[in-house]
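# Working through the structure, step by step
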Amino acid sequence: MAPILQNCVGNERTEYIEHEEVHVKNPHLDSMEEDILYHFNLGTRTHNLPAMFGDIKFVCVGGSANRMKAFAQFIHTELGLAEDINAIEDICAGTDRYSMYKVGPVLSISHGMGVPSISIMLHELIKLLHHARCRDVTLVRIGTSGGVGLEAGTVVITDKAVDSFLRPQFEQVVLGKVIVRSTELDENLAQELLQCSTEIPNLPAVIGNTMCTHDFYEGQGRLDGALCSFSTEDKLEYLRKAHEAGVRNIEMESTVFAAMCRVCGLKAAVICVTLLNRFEGDQISTPHEVLIEYQQRPQCLVSHFIKKRLGLLN
Ligand code: R2B
Ligand code: URA
């Protein structure tokens, strides 16, 4: 069956309205007596979601479970919370699909690698925020990426998330048809984050477009996978074209993240550090300790942003 393209870019947007509860865009949910958030091992019957999560204002998501645990511990220290840091436990301990940590008004969740993995997490996260009656929530993806014409270690705050064809859209196949959703992110939030970056020493940051691919190797124009069907010149030409279109980094989750948040009226941002400059190579050969420091940069930036929003900075 040939795919039928439904061009609905932009049609599904929900405007963000201050102090309104988080929206879900599914009329079927109202008639369900119970909602089991299977991959979180949480549910509306088994857990008091408003009591557990009602005060959440910031959700930070990232690929690795260890990194999101480290972020939870870091933000706990940064916010100067009274509770014992060792009491921060994985709320999703009953499953190893995702990890989730709550630190005051901040939720830290891992989403794995790639669009399908983050998309499942986001369906359940947005329903969780809805069931918990959360208001004024900001979502931030913090992650790693390959830089396009940037020095390694630069943090890219995403302007537009674009697909492999450089289109600011995400295609979701639904019932054998393609639904197209816009991947526009909140411009003011990106600017606010850029301003925060200028207030932190040794945190080079830019606003740029982020390309989201469905593969790390051939899909990102790498010459070092198990398969490669193109030349070095083909690769460089593709990267040059992407750079001309404003792409400054490449990762694997931003389009669906931007699209789903936009449809549900959630303010969202993507902050990824570049681990290498893809014009210079494909292998990530930077020493481990340097990579660790790079990966802390998006965490420092989002922590500064949260503290500023909470009025904890002078
Ligand atoms: C960045 O890093 C991962 C691949 O190494 C992927 O999840 C991403 O977006
Ligand atoms: N993550 C990616 O998706 N690509 C890179 O090049 C580095 C990290």
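Before reading on, note that the structure itself is shown above.
Residues numbered from 1 in each chain as written. Chains lettered and ligands numbered in written order. Predicted model: local features only at pLDDT ≥ 70, side-chain atom pairs only at ≥ 80, totals over all residues. Heavy atoms only, no water.

### As for the overall build of the protein
A count of helical and extended segments in the protein gives 7 helices and 13 strands. The C-alpha radius of gyration computed for the protein amounts to 19 Å, which stays within 12% of the reference 20 Å derived for 314 residues, consistent with globular compactness. Projected onto its principal axes, the C-alpha coordinates of the protein cover approximately 55 × 55 × 35 Å. Within the protein, the fraction of its 314 residues that count as buried is 48%. For the protein, the proportion of contacts with a sequence separation of at least 24, taken over those separated by at least 6, is 77%. Working note: accessible area of the protein is about 15,000 Å², and carbon and sulfur atoms make up 50% of it. If you average the places of the 28 positive and of the 40 negative side-chain charges in the protein, the two averages end up 3 Å apart. (Helix = DSSP H or I, 4+ residues; strand = E, 2+ residues; numbered from the N terminus. Rg over C-alpha atoms; globule rule 2.2 N^0.38 Å. Buried < 20%, exposed > 50% of the residue type's maximum accessible area, 1.4 Å probe, protein only. Contact = heavy atoms within 4.5 Å. Areas by Shrake-Rupley, 256 points an atom, 1.4 Å probe, with all protein chains shown as cover. Lys, Arg positive; Asp, Glu negative; His and termini not counted. Charge placed at Lys NZ, Arg CZ, Asp CG, Glu CD.)

### Quick word on the packing of aromatic side chains
For the coordinates displayed, the defined rule picks out 3 aromatic pairs. Where phenylalanine 58 meets phenylalanine 305, the ring centres are 6.0 Å apart and the plane angle is 85 degrees; that geometry is what we call edge-to-face. Pair noted here: phenylalanine 58 is in strand β4 (residues 58-62) and phenylalanine 305 is in helix α7 (residues 288-309), with a separation of 247 residues, a long-range link. Here the aromatic rings of phenylalanine 216 and tyrosine 217 are separated by 5.0 Å at their centres, their planes lie at 75 degrees, and the arrangement is edge-to-face. Exposure remark for tyrosine 217: the relative accessible area of 37% places this residue in the partly exposed category. A cation over an aromatic ring shows up here: arginine 222 above the ring of phenylalanine 216, its NZ or CZ 3.8 Å from the ring centre. (Phe/Tyr/Trp six-rings, centres within 6.5 Å; stacked < 30°, edge-to-face > 60°. Lys NZ or Arg CZ within 6 Å of the ring centre and 35° of its normal.)

### Some points on helix α4 (residues 187-198)
Under the 1.5 Å per step criterion, the end-to-end length of α4 is 17 Å for 12 residues, consistent within 8% with the ideal 16 Å. Among the residues making up α4, those that are buried are Leu189, Ala190, Leu193, Cys196 and Ser197. With its buried residues spanning 115 degrees around the axis, α4 presents them on a single face. Opposite the buried face of α4, by more than 90 degrees, sit the exposed residues Glu187, Asn188 and Thr198. Here the buried face of α4 lies against β7 (138-147), β8 (155-162), β11 (205-212), β13 (267-277) and α7. You can read the cap of α4 off the contacts: a side-chain oxygen lies 3.2 Å from the backbone nitrogen of asparagine 188, and it is on aspartate 186. (Expected span 1.5 Å × (residues − 1). Arc of directions from axis to C-beta. Polar contact = N/O pair within 3.5 Å; in protein donor to acceptor, adjacent residues only side chain to side chain.)

### Focus on the pairing of β4
Taken across its 5 residues, β4 has 5 buried, putting it largely inside the fold. Covered by surrounding structure in β4 are Phe58, Cys60 and Gly62 together with Val59 and Val61, the residues of both alternating faces. Of the pairings in the sheet, the one linking β4 to strand β6 (residues 106-110) comprises 5 bridges and is parallel in character. By the bridge assignment for β6, glycine 62 is matched with serine 110. (Pairing = 2+ DSSP bridges.)

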